[in-house]
Amino acid sequence: WYHKPVINEELLQSLPNLKIVASSGVGIDHLDLNLLSSYGVKVANTPFIVSTDTADLGMALMLASSRRLVEGYQMAISPDTEYFPANWLGAEISGATLGIIGMGSIGYKVAERAKAFEMKILYHNRRQRNKEEESAVGATYCKKMDDLLQQADFVMLTVNLTPQTHKLIGKRELQLMKPTATLINISRGLVVDQDALVEALQNKVIKAAALDVTYPEPLPRDHPLLRLKNVIITPHIGSATKKTRHLMKENMAASIQAGLAGLPIPNEV
């Protein structure tokens, strides 16, 4: 189920009648598209089905991090807690600036939700959305990612993993962010230079991070990210709801049926 079997040349040579590979989710970074194409094999994914749930999780991570929900839960249930300190405070979402890097279907749904929280929305993308789409969510385009990083209170990553986005956020980018800012990653772990992120969190270059994705997954149990109080990590659950997972499988099956019948393939990559 999880990237198995590995689609490599050995497998393709052993399956001369293979017509299509259907992959769940939006990411296709685990597939060698050029290799598959050279064998005449089609590829399909399920990009739009996951958008709503993944955007919901992005908002959940932002809220959990800003209001320190994990720390608060631990305080509330701790046998050592005798009182709740009045000076234990989180950060406001309403009125804060959210910078979205990657304004595809997931990023746009994040913007729709952030608008309801009365956030100021900035975004950086390969192409600018049209004025009607921008106006609908109140989003402002930043042609340069650096401008977004310098202004945002929360930076949310919703890009696909490509050679261009590999370690898109590194030491330089983290240093551009506000010391009060939080990084939220719901895309792929390799979009962030994880060593640079650990250093930035330890040295208070940025305030916090909320990550649904890491590399590897799961992290080694002695990884420094697991020991930092200003980090929330979830186990890559962006699309993990019963309804969405069911729809993903239905969509994969439809693509397979179309591929075998020689018909146009839904969501062909």
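Residues numbered from 1 in each chain as written. Predicted model: local features only at pLDDT ≥ 70, side-chain atom pairs only at ≥ 80, totals over all residues. Heavy atoms only, no water.

A few words now on empty space enclosed by the protein. Tallied over the full model, the rule gives one cavity of 30 Å³ or more. Taken as a whole, the largest cavity spans an internal volume of roughly 40 Å³. Looking at the lining of the largest cavity residue by residue, the class counts come to four nonpolar, four polar and no charged. (1 Å grid on protein atoms, 1.4 Å probe; cavity = no way out; pocket = protein on both sides within 12 Å on 5 of 7 lines; lining within 4 Å. Points joined across faces, edges and corners; volume = space filled by probe spheres on them. Nonpolar A, V, L, I, M, F, W, Y, C, P; charged D, E, K, R; others polar.)

As a further point, take the nonpolar core. Counting residues in each nonpolar core, the largest one holds 31 residues, and the members touching the most others are Ile101, Val155, Ile169, Leu174, Leu183, Leu197 and Leu225. When residues of this core are assigned to their parent elements, the largest contribution, five residues, is made by helix H9 (residues 194-202). Setting aside residues up to four positions removed in sequence, Leu183 forms contacts with Val155, Leu157, Ile169, Leu174, Met177, Val192, Leu197, Ile206, Ala208, Ala209 and Ala210. Counting 29 residues, the second largest nonpolar core, distinct from the first, contains Val50, Met103, Tyr108 and Val137. (Core = buried A, V, L, I, M, F, W, Y, C linked by side-chain atoms within 4.5 Å. Buried < 20%, exposed > 50% of the residue type's maximum accessible area, 1.4 Å probe, protein only. Helix = DSSP H or I, 4+ residues; strand = E, 2+ residues; numbered from the N terminus. Contact = heavy atoms within 4.5 Å.)

In this structure's numbering, the residues bearing the UniProt feature "domain: D-isomer specific 2-hydroxyacid dehydrogenase catalytic" (unreviewed entry) are residues 6-269. Taken end to end, residues 6-269 is 37% helix and 13% strand, and its first and last C-alpha atoms sit 18 Å apart. (UniProt positions renumbered as here; feature names shortened; annotations may be inferred.)

Among the secondary structure elements, Gly104 is positioned in the loop between strand S3 (97-101) and helix H5 (105-116). Note on Gly104: relative accessible area 32%, which makes it partly exposed. Separated by 54 residues in sequence, Gly104 and Thr158 have C-alpha atoms that sit 7.7 Å apart. Not counting residues up to four positions away in its chain, the partners in contact with Gly104 are Asn125 and Arg129.

This next bit is on the domain arrangement of the protein. Parsing the protein into structural domains produces domain 1 (9-48 + 241-261) and domain 2 (50-75 + 92-233). Here domain 1 and domain 2 have C-alpha centroids that lie 29 Å from each other. Of the roughly 720 Å² buried where domain 1 meets domain 2, counting both sides, 50% is carbon and sulfur surface. Among the residues of domain 1 in contact with domain 2, Val26, Asp29 and Phe48 are the three that bury the most area, contributing 56% of the side total. Counting the contacts that link domain 1 with domain 2 gives one salt bridge. In terms of residue class, the side of domain 1 that touches domain 2 is built from four nonpolar, five polar and one charged. (Domains from an automatic or database assignment. Buried area = accessible area lost by both parts, 1.4 Å probe. Salt bridge = Lys/Arg side-chain N within 4 Å of Asp/Glu carboxyl O.)

Turning next to the packing of helix H3 (residues 51-66) against H5. The N-to-C vectors of H3 and H5 enclose an angle of 50°; their axes lie 8 Å apart at closest approach. In this view, H3 runs oblique relative to H5, as classed from their interaxial angle. The handedness of the crossing between H3 and H5 comes out as right-handed. Contact with H3, carried on its side by Ser51, Thr52, Thr54, Ala55, Asp56 and Met59, involves Ser105, Ile106, Lys109, Val110, Arg113 and Ala114 of H5 and no other residues of that element. The residue inventory of the contact of H3 with H5, partitioned by class, reads five nonpolar, four polar and three charged. (Axes fitted to C-alpha atoms, helices over the stretch in contact; angles between N-to-C directions. Parallel < 35°, antiparallel > 145°, perpendicular 65-115°, else oblique. Left-handed = near helix turned anticlockwise from the far one by under 90°.)

A few words now on the side chain of His223. Tracing the sequence through the fold places His223 in the loop between strand S8 (208-211) and strand S9 (231-233). Other than its neighbours up to four places away in sequence, His223 contacts Gln194 and Val198.

Okay, unusual backbone geometry next. The omega angle of the peptide bond from Tyr215 to Pro216 is -5°, so this bond is cis rather than trans. Topologically, Pro216 is positioned in the loop between S8 and S9. Phi at His236 is positive, roughly 50°, even though this residue is not glycine. Along the polypeptide, His236 turns up in the loop between S9 and helix H10 (242-261). Located in the positive-phi region is Asn267, a residue other than glycine, with phi close to 55°. Topologically, Asn267 is positioned in the segment after H10.

Next up on the list: the pattern of salt bridges. The tally for this structure, following the rule as stated, stands at 10 salt bridges. A salt bridge links Lys42 to Glu268, with the nearest nitrogen and oxygen atoms 3.6 Å apart. Here Lys42, found in strand S2 (residues 42-44), pairs with Glu268, found in the segment after H10; they are 226 residues apart in sequence, far enough to count as distant. Judged by relative accessible area, Lys42 falls into the partly exposed class, the value being 40%. We classify Glu268 as partly exposed; its relative accessible area is 39%. A salt bridge links Arg68 to Glu71, with the shortest nitrogen-to-oxygen separation between them at 3.2 Å. Residue Arg68 is classed as partly exposed on the basis of its relative accessible area, which comes to 24%.

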